[in-house]
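# Inside the fold
Letter by letter, the chains look like this.
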Amino acid sequence: MPDALNDLFVSTNGASTWNQTTHWGTGDPCFPNVWYGLTCDGRRNVRRLDLSANGLTGSLPSTFSDLTTISAISLASNSIGNSIPEIGAMTQLSELVLQNNSLSGAVPESMGNLASLTSLSLGDNQLTALQSNFADLTVLETLVISENQMTTLPDGISDMVGLKTLIATDGDLTTLPDAIGDLAALETLSLSTNLLTALPATMSDLVALKTLNVLSNDVTALPAGMSLMTALESVR
(Lines give C-alpha, C1' and ligand atoms only; values in the text may rest on other atoms or scores of the structure.)
Protein backbone atom coordinates (compact mmCIF):
# COMPACT_ATOMS: atom_id res chain seq x y z
CA MET A 1 0.00 0.00 0.00
CA PRO A 2 2.66 2.65 0.86
CA ASP A 3 4.47 1.81 -2.38
CA ALA A 4 1.31 2.35 -4.44
CA LEU A 5 0.65 5.68 -2.71
CA ASN A 6 4.24 6.79 -3.22
CA ASP A 7 3.95 5.80 -6.88
CA LEU A 8 0.78 7.91 -7.13
CA PHE A 9 2.62 10.86 -5.59
CA VAL A 10 5.50 10.57 -8.07
CA SER A 11 3.37 9.77 -11.13
CA THR A 12 1.07 12.76 -10.57
CA ASN A 13 3.95 15.16 -9.81
CA GLY A 14 3.19 15.57 -6.13
CA ALA A 15 6.42 17.36 -5.30
CA SER A 16 5.87 20.07 -7.90
CA THR A 17 2.15 20.53 -8.60
CA TRP A 18 0.05 19.30 -5.65
CA ASN A 19 -1.60 22.00 -3.58
CA GLN A 20 -1.43 19.98 -0.34
CA THR A 21 1.19 17.32 0.45
CA THR A 22 1.07 17.21 4.24
CA HIS A 23 2.84 14.10 5.64
CA TRP A 24 3.10 12.36 2.23
CA GLY A 25 6.22 10.20 2.09
CA THR A 26 6.75 10.21 5.87
CA GLY A 27 6.33 7.00 7.87
CA ASP A 28 3.22 4.88 7.52
CA PRO A 29 0.32 6.51 5.60
CA CYS A 30 -1.92 6.07 8.66
CA PHE A 31 0.53 6.40 11.59
CA PRO A 32 1.64 8.42 13.40
CA ASN A 33 0.32 11.11 11.06
CA VAL A 34 -2.34 10.39 8.45
CA TRP A 35 -1.27 11.61 5.05
CA TYR A 36 -3.32 14.44 3.53
CA GLY A 37 -6.41 13.17 1.73
CA LEU A 38 -6.47 9.75 3.38
CA THR A 39 -8.94 8.25 5.84
CA CYS A 40 -7.79 5.18 7.75
CA ASP A 41 -9.51 2.61 9.93
CA GLY A 42 -8.40 1.34 13.35
CA ARG A 43 -6.18 -1.29 11.76
CA ARG A 44 -4.22 1.33 9.82
CA ASN A 45 -5.82 0.37 6.54
CA VAL A 46 -6.44 3.20 4.09
CA ARG A 47 -10.19 3.27 3.47
CA ARG A 48 -10.70 6.53 1.57
CA LEU A 49 -8.57 8.64 -0.77
CA ASP A 50 -9.73 12.17 -1.59
CA LEU A 51 -7.32 14.35 -3.55
CA SER A 52 -9.96 16.24 -5.53
CA ALA A 53 -8.94 19.70 -6.75
CA ASN A 54 -5.41 19.20 -5.43
CA GLY A 55 -3.34 20.00 -8.51
CA LEU A 56 -2.57 16.44 -9.64
CA THR A 57 -1.02 16.25 -13.12
CA GLY A 58 0.80 13.49 -15.01
CA SER A 59 -0.93 10.10 -15.02
CA LEU A 60 -2.12 7.33 -12.71
CA PRO A 61 0.56 4.69 -12.03
CA SER A 62 0.26 1.03 -13.01
CA THR A 63 0.34 0.16 -9.29
CA PHE A 64 -2.87 2.10 -8.65
CA SER A 65 -4.80 -1.17 -8.35
CA ASP A 66 -2.63 -2.18 -5.38
CA LEU A 67 -4.78 0.13 -3.22
CA THR A 68 -6.90 -2.89 -2.40
CA THR A 69 -8.29 -1.79 0.99
CA ILE A 70 -9.82 1.44 -0.30
CA SER A 71 -13.59 1.75 -0.55
CA ALA A 72 -13.84 5.29 -1.95
CA ILE A 73 -11.60 7.36 -4.24
CA SER A 74 -12.09 10.91 -5.48
CA LEU A 75 -9.53 12.48 -7.80
CA ALA A 76 -11.99 14.90 -9.37
CA SER A 77 -11.05 18.30 -10.77
CA ASN A 78 -7.37 17.71 -11.41
CA SER A 79 -5.36 17.49 -14.64
CA ILE A 80 -4.61 13.76 -14.75
CA GLY A 81 -4.02 12.54 -18.30
CA ASN A 82 -3.43 9.38 -20.33
CA SER A 83 -5.53 6.26 -19.87
CA ILE A 84 -7.10 4.72 -16.77
CA PRO A 85 -4.80 1.88 -15.64
CA GLU A 86 -6.00 -1.65 -14.96
CA ILE A 87 -7.79 -1.44 -11.60
CA GLY A 88 -9.67 -4.73 -11.34
CA ALA A 89 -7.94 -5.77 -8.10
CA MET A 90 -9.67 -3.00 -6.11
CA THR A 91 -12.57 -5.25 -5.22
CA GLN A 92 -13.59 -3.30 -2.09
CA LEU A 93 -14.07 -0.08 -4.04
CA SER A 94 -17.65 1.18 -3.86
CA GLU A 95 -17.21 4.77 -5.10
CA LEU A 96 -14.86 6.06 -7.80
CA VAL A 97 -14.84 9.70 -8.90
CA LEU A 98 -12.48 10.66 -11.73
CA GLN A 99 -14.52 13.44 -13.31
CA ASN A 100 -13.04 16.65 -14.65
CA ASN A 101 -9.60 15.41 -15.67
CA SER A 102 -7.96 14.70 -19.04
CA LEU A 103 -8.24 10.90 -19.09
CA SER A 104 -8.42 9.38 -22.57
CA GLY A 105 -8.95 6.11 -24.41
CA ALA A 106 -11.33 3.30 -23.57
CA VAL A 107 -12.27 2.45 -20.01
CA PRO A 108 -10.19 -0.66 -19.12
CA GLU A 109 -11.85 -4.07 -19.14
CA SER A 110 -10.67 -4.71 -15.60
CA MET A 111 -13.13 -2.12 -14.31
CA GLY A 112 -15.77 -4.79 -14.84
CA ASN A 113 -14.19 -6.68 -11.92
CA LEU A 114 -15.10 -4.01 -9.37
CA ALA A 115 -17.94 -6.07 -7.93
CA SER A 116 -18.61 -3.69 -5.02
CA LEU A 117 -18.84 -0.51 -7.09
CA THR A 118 -22.10 1.40 -6.56
CA SER A 119 -21.17 4.88 -7.85
CA LEU A 120 -18.90 5.75 -10.78
CA SER A 121 -18.27 9.24 -12.13
CA LEU A 122 -16.12 9.57 -15.25
CA GLY A 123 -17.59 12.78 -16.63
CA ASP A 124 -15.63 15.58 -18.29
CA ASN A 125 -12.75 13.57 -19.70
CA GLN A 126 -11.81 12.32 -23.19
CA LEU A 127 -12.87 8.70 -22.81
CA THR A 128 -13.95 6.91 -25.97
CA ALA A 129 -15.73 3.70 -24.93
CA LEU A 130 -17.04 1.44 -22.19
CA GLN A 131 -16.02 -2.21 -22.55
CA SER A 132 -18.62 -4.96 -22.96
CA ASN A 133 -17.84 -6.50 -19.57
CA PHE A 134 -18.75 -3.19 -17.94
CA ALA A 135 -22.11 -4.90 -17.59
CA ASP A 136 -20.63 -7.04 -14.83
CA LEU A 137 -21.06 -4.08 -12.48
CA THR A 138 -24.39 -5.45 -11.32
CA VAL A 139 -24.60 -3.43 -8.08
CA LEU A 140 -23.73 -0.11 -9.73
CA GLU A 141 -26.48 2.42 -8.98
CA THR A 142 -25.07 5.68 -10.37
CA LEU A 143 -23.09 6.12 -13.60
CA VAL A 144 -21.95 9.52 -14.86
CA ILE A 145 -20.17 9.60 -18.23
CA SER A 146 -21.05 13.10 -19.45
CA GLU A 147 -18.68 15.21 -21.57
CA ASN A 148 -16.69 12.37 -23.10
CA GLN A 149 -16.21 11.05 -26.65
CA MET A 150 -18.32 7.88 -26.49
CA THR A 151 -20.66 7.30 -29.44
CA THR A 152 -22.77 4.52 -27.91
CA LEU A 153 -23.21 2.27 -24.88
CA PRO A 154 -22.36 -1.45 -24.77
CA ASP A 155 -25.19 -3.93 -25.39
CA GLY A 156 -24.31 -5.67 -22.14
CA ILE A 157 -25.64 -2.69 -20.21
CA SER A 158 -28.81 -4.75 -19.81
CA ASP A 159 -27.07 -6.76 -17.08
CA MET A 160 -26.57 -3.69 -14.88
CA VAL A 161 -29.71 -4.56 -12.96
CA GLY A 162 -29.07 -2.17 -10.07
CA LEU A 163 -28.54 0.97 -12.15
CA LYS A 164 -30.84 3.80 -11.01
CA THR A 165 -29.17 6.90 -12.46
CA LEU A 166 -27.44 7.26 -15.84
CA ILE A 167 -26.09 10.69 -16.76
CA ALA A 168 -24.55 10.92 -20.23
CA THR A 169 -25.00 14.55 -21.27
CA ASP A 170 -22.91 16.84 -23.48
CA GLY A 171 -21.23 14.06 -25.43
CA ASP A 172 -21.02 12.32 -28.81
CA LEU A 173 -23.69 9.63 -28.43
CA THR A 174 -25.26 8.84 -31.79
CA THR A 175 -27.18 5.67 -30.89
CA LEU A 176 -28.46 3.77 -27.87
CA PRO A 177 -28.61 -0.05 -27.72
CA ASP A 178 -31.99 -1.75 -27.56
CA ALA A 179 -30.72 -3.36 -24.36
CA ILE A 180 -31.21 -0.09 -22.51
CA GLY A 181 -34.85 -1.10 -22.11
CA ASP A 182 -33.78 -3.90 -19.76
CA LEU A 183 -32.67 -1.50 -17.02
CA ALA A 184 -35.68 -2.22 -14.86
CA ALA A 185 -34.40 -0.18 -11.87
CA LEU A 186 -33.48 2.94 -13.86
CA GLU A 187 -35.16 6.09 -12.48
CA THR A 188 -33.17 8.94 -14.04
CA LEU A 189 -31.87 9.02 -17.61
CA SER A 190 -30.24 12.24 -18.81
CA LEU A 191 -29.00 12.32 -22.42
CA SER A 192 -29.20 16.01 -23.28
CA THR A 193 -26.82 17.61 -25.78
CA ASN A 194 -25.68 14.59 -27.77
CA LEU A 195 -26.08 13.54 -31.41
CA LEU A 196 -29.07 11.23 -31.04
CA THR A 197 -31.68 11.14 -33.81
CA ALA A 198 -33.95 8.44 -32.36
CA LEU A 199 -34.65 6.53 -29.17
CA PRO A 200 -35.03 2.73 -29.19
CA ALA A 201 -38.60 1.46 -28.87
CA THR A 202 -37.48 -0.65 -25.91
CA MET A 203 -37.23 2.47 -23.77
CA SER A 204 -40.92 2.09 -23.09
CA ASP A 205 -39.96 -0.93 -20.98
CA LEU A 206 -38.24 1.29 -18.40
CA VAL A 207 -41.03 0.82 -15.88
CA ALA A 208 -39.25 2.62 -13.01
CA LEU A 209 -38.14 5.66 -15.03
CA LYS A 210 -39.16 8.95 -13.44
CA THR A 211 -37.04 11.51 -15.31
CA LEU A 212 -35.98 11.57 -18.96
CA ASN A 213 -33.98 14.40 -20.52
CA VAL A 214 -33.16 14.32 -24.24
CA LEU A 215 -32.97 18.07 -24.85
CA SER A 216 -30.58 19.39 -27.52
CA ASN A 217 -30.54 16.26 -29.65
CA ASP A 218 -32.17 15.63 -33.04
CA VAL A 219 -34.85 13.35 -31.62
CA THR A 220 -38.19 14.27 -33.22
CA ALA A 221 -40.45 11.68 -31.58
CA LEU A 222 -40.60 9.55 -28.46
CA PRO A 223 -41.34 5.80 -28.61
CA ALA A 224 -45.10 5.24 -28.75
CA GLY A 225 -45.20 2.93 -25.75
CA MET A 226 -43.86 5.61 -23.42
CA SER A 227 -47.40 6.79 -22.79
CA LEU A 228 -47.83 3.68 -20.64
CA MET A 229 -44.86 4.44 -18.37
CA THR A 230 -46.81 5.28 -15.24
CA ALA A 231 -43.77 6.21 -13.11
CA LEU A 232 -42.61 8.88 -15.55
CA GLU A 233 -42.84 12.34 -13.99
CA SER A 234 -40.67 14.54 -16.21
CA VAL A 235 -39.81 14.40 -19.93
CA ARG A 236 -37.71 17.05 -21.61
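Here is what the cut-offs are and how they apply
Residues numbered from 1 in each chain as written. Predicted model: local features only at pLDDT ≥ 70, side-chain atom pairs only at ≥ 80, totals over all residues. Heavy atoms only, no water. Pairing = 2+ DSSP bridges. Helix = DSSP H or I, 4+ residues; strand = E, 2+ residues; numbered from the N terminus. Buried < 20%, exposed > 50% of the residue type's maximum accessible area, 1.4 Å probe, protein only. Arc of directions from axis to C-beta. Core = buried A, V, L, I, M, F, W, Y, C linked by side-chain atoms within 4.5 Å. Contact = heavy atoms within 4.5 Å. Polar contact = N/O pair within 3.5 Å; in protein donor to acceptor, adjacent residues only side chain to side chain. Disulfide = S-S within 2.5 Å. Phe/Tyr/Trp six-rings, centres within 6.5 Å; stacked < 30°, edge-to-face > 60°.

Two faces, one strand: in a regular strand the side chains alternate between the faces of the sheet. Note that strand 4 (residues 81–82) and strand 6 (residues 102–106) share two bridges and pair parallel. Opposite G81, over in strand 6, you have S102 as the bridge partner. Where strand 6 meets strand 8 (residues 126–129), three bridges bridge the pair, whose relative direction is parallel. If you follow S104 over to strand 8, its bridge partner there is Q126.

What follows covers helix 1 (residues 2–11). Buried residues of helix 1: A4, L5, L8 and F9, and no others. Projected down its long axis, helix 1 carries its buried residues within an arc of 145°, all on one side. Residues of helix 1 that are exposed and point more than 90 degrees away from the buried face comprise D3 and V10. At the C-terminal side of helix 1, N13 shows a positive phi close to 60°.

This paragraph deals with the sheet that holds strand 3 (residues 72–74). Pairing in this open sheet of 10 strands is mixed, and the strands run 1-2-3-5-7-9-10-11-12-13 from one edge to the other. Strands at the two margins of the open sheet, each flanked by one partner only, are strand 1 (38–40) and strand 13 (234–235). Where strand 7 (residues 119–121) and strand 9 (residues 142–144) come together, three bridges link them in parallel fashion. Its bridge partner lying in strand 9, S119 is registered against T142.

With that settled, the discussion passes to the nonpolar core. Counting 66 residues, the largest nonpolar core has W24, L49, L75, L143 and L189 as its most contacted members. Elements with a contribution of two residues or more to this core: helix 1 and strand 2 (46–50). Top contributing element to this core by residue count: helix 1, with four residues. Once residues within four sequence positions are removed from consideration, L189 is found in contact with L166, I180, M203, L206, L209, T211, L212 and N213.

With respect to the secondary-structure elements, S146 resides in the loop between strand 9 and strand 10 (165–167). A polar contact of 2.9 Å, which involves the side chain of S146, links it to the side chain of T169. Setting aside residues up to four positions removed in sequence, S146 forms contacts with G123, D124, I167, A168 and T169.

Residue P32 follows F31 across a cis peptide bond; omega there is -5°. Within the secondary structure, P32 sits in the loop between helix 2 (14–17) and strand 1. With a phi angle near 60°, S216 is a residue other than glycine that sits in the positive phi range. Overall, S216 belongs to the exposed group, its relative accessible area being 53%.

Under the defined criterion, the tally for this structure stands at one disulfide. One disulfide in the model links C30 with C40; its S-S distance is 2.0 Å. Across the S-S bond of C30 and C40 the torsion is about -80°, and the bridge reads as left-handed. Residue C30 is found in the loop between helix 2 and strand 1, and its partner C40 is found in strand 1; the two are separated by 10 residues along the sequence.

Our next topic: the packing of aromatic side chains. Following the criterion strictly, the structure yields four aromatic pairs and no others. Between F9 and W18, the aromatic rings sit 4.9 Å apart at their centres with planes inclined by 75°, giving edge-to-face as the arrangement. Residues F9 and W18 agree in their burial class; the two are buried. Geometrically, the ring pair formed by F9 and W24 is stacked, given 5.9 Å between the ring centres and 20° between the ring planes.

What follows concerns the pairing of strand 2. Direction of pairing for strand 1 relative to strand 2: antiparallel, over a ladder of three bridges. Across the sheet, the residue bridging to C40 is V46, located in strand 2. Counting the residues between successive antiparallel strands, the hairpin from strand 1 to strand 2 contains five residues, one of them, R44, with a positive phi of roughly 65°. Alignment of strand 2 against strand 3, held across three bridges, turns out to be parallel. Bridge pairing in strand 3 places L49 opposite I73.

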